Structures are given as structure tokens and as C-alpha cells.
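# Secondary and tertiary structure notes
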Amino acid sequence: MSHPESSTGSPRGAAAKKSHPQFEETAAPFQAKLSPAEQRERAREWLQQVLSAMGIPAAVRVAGEVIEIEASSLTPVQKQVLLSKVPPGPVPKETKVDEERTPVVLDALQYLANTLLNLNQPEDQQQPYILDLDGYRERRLQELKALVATAVEKVRASGREYEFPEHLSAADRRQIHTLLKDPAYADLETFSRGKEPDRRLVIRRAPRRGK
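Residues numbered from 1 in each chain as written. Predicted model: local features only at pLDDT ≥ 70, side-chain atom pairs only at ≥ 80, totals over all residues. Heavy atoms only, no water.

## Here's the deal with the sheet that holds strand E6 (residues 200–205)
In space, the three strands of this open sheet follow the order E4-E6-E5, with antiparallel pairing throughout. What marks the edges here is a single partner per strand, and that holds for strand E4 (162–163) and strand E5 (188–193). As paired strands, E4 and E6 are joined by two bridges and run antiparallel to one another. Bridged to Glu-163 within E6 is Val-202. (Pairing = 2+ DSSP bridges. Helix = DSSP H or I, 4+ residues; strand = E, 2+ residues; numbered from the N terminus.)

If you want it as C-alpha cells, here you go:
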């Protein structure tokens, strides 16, 4: 059994709306119920507006359940900014850039989309929004599956819990929660420990039923 982390309803989302009145219309509750396809189209329009405000007038399209920034509409510098694994500006000497870090700006946009677009929405209207660029999410999914396979092997072999590295983003932790919902992992459970920015994901054996 897993306990996914919520990406909606954050106080920071309300603060963001207050600080950016240009997004108020987008974040306001709807009177009519929208279909998932209509909600993704709404997210596409929102993302295109935000990118334009950032000085990145990129083309955005809906690809299945994903809101995709079209790489062909970006300059190399714009693409680098969106996929950078370190925050903009000077980088502290102790900061490590490695393959397990995730794009700071792309993940921040995804967080904002899930926060603002679900703000004040009824529970049955809230949707998870996935923002992607140049196939990054699929590549990251394969990396996470490899991490999960290693962690599961260690937990089953030792019987001890396994704590993932601290640099997993909230989006990565939610993805791992989802992966561990597979019936093949029914003997395991996941939970998060600690608070941001030091929140960790843990896998352990699930308690046996009846005990």
C-alpha cells in the first residue's frame, strides 16, 4: 500500500495566485464540470501564457495525458533553461549536478500547474498535470523504474527499510509511490519521512494482514 503525496491545495499556490493577478482567471473555479480533455486544454493554454510571460514564446500541445512543450519551438538556450538541473543564477560550490537530479524550472512549472489549476476545484474535478519537454518524463520514468527495482531487491533480501536519496523531487516521489502500487509489490509499502527540503521516500515490507 502506498501513500501518494498531494501536489494540490498548497498554501503556496494561494500565495502565488495573490502575487500574480494575471493568473487569477485561470485559477478561478469553474461553474460547469470539465472533461479531462478540456482540463488538459486549459492547462495547455495556461502553460503557453506562462512561458510567454517568461520570455519563452514556445508552442505547447496536448499529447495524450501530457502537456508537452514542443522542443522545435525553442532556441538551444531556452531549452537549456527549462531542462537545467540547477537553479538559475550562481551555483554554490557544494552543489552537485548529477543524472538523478531533475529539471528545476520544468518541475517548478509542473508544481504550479497542479497547484493553481486545481485551486478551489471540487475533488472530483482535480487532475494531475504532467508537463514534459523533449521526452524527459519518459526517460526519467525508466530511471526511476531502475531505482525502484534496486530498492525492492534490497528490502526483500534484507527485510530492512530502504530510504531513497535526499535529492528526489516531489514529482519523483509521487511517481515512485505510483510504481509501487503495482500488485507485484503488494508485500511492500512506501511513505515519506521528514519535511521539505529534506523529505525522503522510504520503502519497507508491508505489515501482514491480521497482525
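## As for the nonpolar core
If you look at the biggest cluster of nonpolar residues, it comprises 23 residues, and the most contacted ones within it are Leu-47, Leu-51, Ile-69, Leu-82, Leu-109 and Leu-131. For this core, the elements supplying multiple residues, two or more each, are helix H3 (36–53), strand E2 (66–69), helix H4 (76–83), helix H5 (104–116) and strand E3 (130–133). Beyond its immediate chain neighbours, meaning those up to four positions away, Leu-47 contacts Val-60, Ile-67, Ile-69, Leu-109 and Leu-131. In terms of nonpolar packing, the next biggest core, distinct from the first, is built from 14 residues, Leu-144, Phe-164, Leu-180 and Leu-201 among them. (Core = buried A, V, L, I, M, F, W, Y, C linked by side-chain atoms within 4.5 Å. Buried < 20%, exposed > 50% of the residue type's maximum accessible area, 1.4 Å probe, protein only. Contact = heavy atoms within 4.5 Å.)

## Section: the packing of H3 against H5
Following both chains from N to C, one finds H3 and H5 inclined at 130 degrees, their axes separated by 11 Å at the closest point. With respect to H5, the axis of H3 lies oblique. Crossing of H3 over H5 shows right-handed handedness. Counted together, Trp-46, Leu-47, Val-50 and Leu-51 of H3 and Leu-109, Leu-112, Ala-113 and Leu-116 of H5 form the full contact between these two elements. In the contact of H3 with H5, the residues fall into eight nonpolar, no polar and no charged. (Axes fitted to C-alpha atoms, helices over the stretch in contact; angles between N-to-C directions. Parallel < 35°, antiparallel > 145°, perpendicular 65-115°, else oblique. Left-handed = near helix turned anticlockwise from the far one by under 90°. Nonpolar A, V, L, I, M, F, W, Y, C, P; charged D, E, K, R; others polar.)

## Points about the side chain of Thr-102
Here Thr-102 is to be found in the loop between H4 and H5. Take Thr-102: its relative accessible area is 8%, and that puts it in the buried class. The residues touching Thr-102, leaving out its near neighbours within four places in the chain, are Ser-84, Lys-85, Asp-107, Tyr-136, Arg-140, Ser-169 and Asp-172.

## Remarks on the side chain of His-177
Tracing the sequence through the fold places His-177 in helix H7 (residues 170–179). On the accessibility criterion, His-177 (0% relative accessible area) is buried. At a separation of 2.6 Å, a polar atom in the side chain of His-177 contacts the side chain of Thr-190. (Polar contact = N/O pair within 3.5 Å; in protein donor to acceptor, adjacent residues only side chain to side chain.)

## What to know about the pattern of salt bridges
This model, assessed by the stated rule, comprises twelve salt bridges. With its nearest N and O atoms 3.8 Å apart, the salt bridge here joins Asp-124 to Lys-33. Residue Asp-124 is located in the loop between H5 and E3, and its partner Lys-33 is located in the loop between helix H2 (24–27) and H3; the two are separated by 91 residues in the primary sequence. Among the ionic pairs, Glu-163 bridges to Arg-200, the shortest N-O distance being 2.9 Å. Of this pair, Glu-163 sits in strand E4 while Arg-200 sits in strand E6, placing them 37 residues apart in sequence. Residues joined in a network through salt bridges with shared partners are Glu-161, Glu-163, Arg-193 and Arg-200. (Salt bridge = Lys/Arg side-chain N within 4 Å of Asp/Glu carboxyl O.)

## A closer look at the environment of Glu-41
The topology assignment puts Glu-41 in helix H3. Note on Glu-41: relative accessible area 31%, which makes it partly exposed. C-alpha separation for the pair Glu-41 and Val-60, spaced 19 residues apart in sequence, amounts to 9.9 Å.

## Points about the confidence of the model for the protein
Within the protein, residue pLDDT values average 82, and 76% of them lie at 70 or more. The weakest mean pLDDT in the protein belongs to helix H1 (residues 11–19) at 44; the strongest belongs to strand E1 (residues 60–63) at 97. Confidence drops under pLDDT 50 across residues 6–19; counting only partners more than four residues distant or on other chains, this segment forms 20 contacts. (pLDDT = per-residue confidence, 0-100.)

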